[in-house]
Every structure is written in C-alpha cells, then in structure tokens.
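# What the coordinates show
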Amino acid sequence: MPSGEPSIAVITGIWKVTIGDEDFCLNVSVHWFLRPTQLPAVRAERAQEKAEIYYLLTGASILPSTRVIGRCIVTSSRTLGYSVVLNSKPLAEHEQTYCCFYATNTQKGLFYDFDWERHKSEALKFTRHWESLQQWDPADNASKEFAPSTPSRRARARAVATSRSTRKSSLRKPVLSDEDDSGSEFEAPSEPSESEPEVDQHSEAEVDNVQDEPDAEDFTPRTPSRRKRGSVAGTPRRPRTTLAAPTPHSKAALRARAKKRSLAVRPPPPGGMQDLSLQLENVSKDPWLRAMHVLHVSARPEAHRLPCRETEYSKVLQAVEELLEEGSGGCIYISGVPGTGKTATVHAVVRELKRMAEQNEANPFTYVEINGLRIPEPSAAYNLLWEAVSGHKVSREGHLNISSKESLKLLTRHFGQGERIGPGGHACIVLMDELDQLMTTKQDVVYNFFNWPTLLGSKLIVLAVANTMDLPERVMSGRVRSRLGMVRINFQPYTTPQLEQIVKARLLHAKEGLPSNTADVIAPDGIKFAAMKVSSISGDARRVLDICRRAVELVQSHSRTARTDDVKRVIVDMQNSPTAAYLRDLSFHERLMLAALLRCVKREGVEEIKWGDVQHQHLLHLNVLSEEADTMRRPSPGELSMVLDSLAASRAILCEEGVVVSRKPEDEKRVVLNIEHAEVERVLGEVGGTKWKNALNI
C-alpha cells in the first residue's frame, strides 16, 4: 500500500519452475486478507477491533516468491497477545498478530461471521503429509537466486508454459464437510502455511520481479496487432465451444441488461442533502441577502432541487447503479453546452449513490473526480486515479510523490490482471469533467481511461462530461471511439420556461422560514425577461442566475422589488463590461483573428490550436466577413504575426513558449484563447452583425 502497510495473505501453494536442470523461478499461490484501510471509501460504517482484518471471499492470486517480505499470525481470538513466539523464535518486525472474525465480499459490501481457526484446521485435514513438509522461510528469498541472469525469450516462454501446467496439477480444491458451517461457504485453501505472509503489494519488486506475467515486461498500453503467420506448424487446438463474454457496453451486454428487471430509479429523498439549507441557516433573515445567496452560481442546490433535469438524472443514476450491481465496468458519455446542469446532475447522482451505499442499499465504491481545468497536464489524471484505487488518504497524507509514468505502470498492472492481483475488488467511479481539456495529440490519456473499464474484472466506471455532443466523431480517433461504448446522454440547452423555473425554485427556497407576507425580491416579469434574453443566446443557466442576482443586489439598498427595468439595466452593464469594451475597440483583423481561433476550437474540439491553422482560417474568413470599408488585401504571414503579438500583449491570446517551441517551425506553435468564449461570440456578433453570427454559428 502507498501508506507503507504491506498486504496480508495466506500461502496456499508453493512450486518451483525449472528449465532443464536449472531453477527458473519460485511461485506462490496466496489468498488475501483485507485491512480496514483497504475497504471501499464509500460504504456503511462498522465498528472494528484492534488489528482486525477480513478474509476476502474472492481473493486468490499467484505471485513470485520475491513478493513475500515476512510472516504474521492470524487468530480468531478476541484477546491479542503480541508476545507470541513462532518456532521458539521472537517475532520479527512484520511478525505481528491480527484477528479475523469476518469474511467479506467487497463488491456487495457484505460481511459474514467467520472462524479462521476452524476454517484453517478443516483445510489442513485434506492436505496430505502436511506435518512432514519443510517450513519455508521468506527471509531466504534474498539469499537464493532462482532465475537465470539473462534468460532467452524462448526459455522464458517455456517457463511460462511450464508454470501454467504446474498450477493445474499442484493446486487442489478440497471439499469441506457439512459439519463445518463456517467454512462451507468459502473456498478452502489447499496448502496453507503455518503462518501468513505479509506481501508488499505495490513495491518495486511487484513491477520488476514478476516472472510469470506476460505484461510485466512492458506496461505501456498498446493497440493489439495481428499475429504474424509463421512457417512453423503449431499444435492443433480444440475449437472453442463457448462464446466469449461480451464487453460491458457492447450491444449484447445492453440487450442482456434490458431483459433484466429494470432497477427502480428513485427520486432523491426530500431530506437527502442539506448543503444549501445548512448554508442558509447562517444567513440573516433579510430576503434580499438570502436571495443573493441562493442565486449565486457557486451555491450547490440539493439533489431534489434540480428542476428540469429529472429525466437526465434518472438515466445517469440507473446506468451507474446497473454497473455497480453487475460488478462490471463501463463508460457513460455525458454531453451538452456549458451551463446545462451536466456536472450538477452527476454530483447529485454521486451524492445519492453515497447515501445508498452508506445505508447498504447499493454496493460500496470509491469515488474520484478529475477536472481537466484543475490539473496541470492531462497525464496528471493518472496520479489522481491511482491514489483513489490504491486507498491512499490524500487529506491525511498528502499527494503521492510519484511521476505520471509510474502511476500509469501501476494502473496498467492493477486493471490488466483479469481478477486484479492483491486485496480489494470493489468498484471505482471516476468523474472526468471538462473532457475537452484532457484531449492530447496522441489521445493516450483518454484512450487509457476508456479502455480500462472494458478489461475483465476492472470494475471501473467512467463518467465522461464534455461540452460537445459530437466530440467522439470529430476529434477522437477510431481506437478511442471504439472504447467509449454506446451509453450517451445529451443535455439540451435550457428553454425560457425552464430557466424561469430554475430561478423561481431557488427564490422559493430562499423564502423558507420567512413570514408568509414577505415581498418578492424580483418580479416575475423581470425573471421572464432575463430568461428570454439568455435562452435566445446560449441557454446557460449560470448566466440567468448571475443577471437575477445582480438585479437583486441593485435594489437591496432600497428594499424594493426588482422590476424589468432593473434587469435591463443589469444586462446593459454586463454587455458594457471591460472585456466587452476591449473587444469592441479591436481592429478588423484583430477581431477576425479571434473569430478564426474560435472557429478552429469548435472544429478541433481542443483549446490549443496550431498557429498555421489559425492563419489559414483567418484568410478564409477574410473573403466572407470583410465589408466595403475594410481592406480586401491578403495580409502576409509577417503582418498576421504582428496582429498575434498585439493580442498576446493584452493577454487576449496566450502563445506557447519555451526552448522546445523555439526549435519548432513557426506554424507548429500553439495558441489558446484567454477570454471567455461566450463573451467573445456575443460581442463579435453584436459588432459584426448577421455575417459574423453565421460564421461563428451563433
């Protein structure tokens, strides 16, 4: 574990792999225990004993012997004694005593009464010649060299084949008697050792010393290639009689899901989340102050106060709840223009799932949110995901000091083992907000996040939120699009009645607890006028909330109701903001370059655009948007660079800089717009008229 605590397991089998007369490696078969810190982060709370661990129902793995770092004692006694002596030797640093009273299914979050001592004794009855076996000391790993120094590729392939054949013959599953009611529910290990090893699950040995895993050599994810046809005749194989299991989001899986009884999607309970209500308790009884508080764009409404998004809420909740119930992974693509409630709806769904998991109404899970605008680079998303799946406590221990490349190796190994190696096995929900910002040239980050949920046993659920509905078709490559799946939920822009309903719902919430004769802080006609203005441009709920909040702030000192004239005044002031005034004072070619950059951003789906593409789009717009008063002469590349320098000097556009950039061709450097896109579109449309609006698709 990243926190420094090794994992605990019981050895159920040991065998040596040999090539000819040489020893190649020593493998061990283990069954995992679970520490309380390795349980899902979102689960029902339960009391825990000191040094208590849990027996994992589905937790068998095959590891190299180098992963075993020490021994410990597991007992079912309620009284722990730390002066236990093993083989008349004092206990070493890792030879501690742990108690185990329950077995657990981490996927379902269920716990069963479990007698480890009885389970162990019953398992040993079916192991022949157990007493005559020589005790194996894990400390001897350091003094023994099992693997040859530089084994050839052919020798390594023979070793893997030998290891697989040896596993089948050496591992036996005994059948417990009916008298053992505690062990009859569980698969008994065949050859448990006298003491249980502590395994460093995420040490460097895990990455470098695993000899029998085919993916231990190279952790970098690749697109699988066709197998080359060779002239050497191969061993004939028996034709496959069973079909492979469908991927979680394939058509076959969706049809199978539809045949099942659909889960009851419940609306959030009225008393579910009280975030905004608790905030209002600290606000004075002044109606205008309370209205300004609830109308602020940063105020998070409760789940049951998300009007006009009930259908989308039910779709997202049902899709995620089905994946949690099945114990499979999947991707859900959520799209819509900014300000349509995508992130707020997903947050409401996650809060409801957390409430259900804490009350044992849903399977437990771990949740992590990755916002493309809040991380320094797209590859930093690997670190955040690894901290979540490994159980690292960021609030207590801070972020892990590892590189993104190392996190990618650990994640690839974690999700690429079928049934994942090590304890755990619960689901992980990832919210990838602002997916547009995570798109790179190679698209490797997005591909990995979409590919991991398709792997067997990953239990990774990715909620991808983007501002463009056709981003997969326009920007993503074929291999990325194939991993995205078929579950897509689109959020349409808000209409005028919906925007009115959103504002009125928040104002009604602000009046709770006030006298019934309290006057309205803003007139219904003013709300309707603001909703009509915003819906005709973008349908952004955040903008109408901002307009109404400023109108209430304008009349607060006079303690009167805000009317339509006050709303009009606020809209005029917002249109005459410093940013709008700056955009209106720009020259023709400066405005044309901003329009060209916006057009490239919409077409490419990413914020960073090559300077050569902007120049090309600038010249295309010149023939369409130029008026009689404007010059029709095509500017030279040097003149366009002067226009770019002017916009960069005022920080309207940011240019790529650095030593690496200086070595690139001039057209390869990237530029990004540093002003809100909606504001640029609005002002350019007002100044340029219908031609500019058509060119900008507004």
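In short, a report on the structure.

## A short note on the sheet that holds strand 10 (residues 427-433)
If you trace the five strands from one edge of the open sheet to the other, you get 9-10-11-8-12, paired in parallel fashion. Looking at the sheet topology across the chains shown, the edges are occupied by strand 9 (365-371) and strand 12 (488-491). Strand-to-strand twist of the sheet, defined as the mean angle between neighbouring strand axes without regard to direction, takes the value 15°. Here strand 8 (residues 330-336) pairs with strand 11 (residues 460-466) via six bridges, running parallel. Across the sheet, the residue bridging to G330 is I461, located in strand 11. Along the sheet face, helix 8 (residues 342-358) touches strand 8, strand 9, strand 10, strand 11 and strand 12 and points at about 165° away from the line of strand 9.

## So, the sheet that holds strand 15 (residues 670-673)
Judged by pairing direction, the sheet is antiparallel, and its three strands sit side by side in the order 13-15-14 without closing on themselves. In this open sheet, the two edge strands, each paired with only one partner strand, are strand 13 (609-610) and strand 14 (653-655).

## Let's talk about the environment of R300
When you line up the elements, R300 lands in the loop between helix 6 (287-294) and helix 7 (310-326). Along the sequence, R300 and H347 sit 47 residues apart, while their C-alpha atoms lie 9.6 Å from each other.

## Quick notes on the packing of aromatic side chains
Summed over all chains, the structure comprises 11 aromatic pairs. Aromatic side chains Y55 and W116 sit 6.2 Å apart centroid to centroid with 35° between the ring planes, which places their arrangement in the tilted category. Of this pair, Y55 sits in strand 3 (residues 52-64) while W116 sits in helix 1 (residues 116-125); the two residues are 61 residues apart in sequence, bridging distant segments of the chain. Of the two residues, Y55 and W116, both sit in the buried class.

## Some details on the pairing of strand 8
Side-chain direction in a regular strand flips from residue to residue, so the side chains alternate between the two faces of the sheet. Summarising burial for strand 8: seven of the seven residues are buried, a large majority. On strand 8, burial covers both faces: G330, I332, I334 and G336 on one face and C331, Y333 and S335 on the other are all buried. Note that strand 8 and strand 12 share four bridges and pair parallel. Bridge assignment links I334 to a residue of strand 12, and that residue is I489.

## A closer look at the side chain of E312
Residue placement: E312 occurs in helix 7. Overall, E312 belongs to the buried group, its relative accessible area being 14%. Sequence-distant contacts of E312, defined by excluding residues within four places in its chain, comprise T345, I489, N490 and F491.

Definitions and limits used
Residues numbered from 1 in each chain as written. Predicted model: local features only at pLDDT ≥ 70, side-chain atom pairs only at ≥ 80, totals over all residues. Heavy atoms only, no water. Pairing = 2+ DSSP bridges. Helix = DSSP H or I, 4+ residues; strand = E, 2+ residues; numbered from the N terminus. Axes fitted to C-alpha atoms, helices over the stretch in contact; angles between N-to-C directions. Contact = heavy atoms within 4.5 Å. Phe/Tyr/Trp six-rings, centres within 6.5 Å; stacked < 30°, edge-to-face > 60°. Buried < 20%, exposed > 50% of the residue type's maximum accessible area, 1.4 Å probe, protein only.

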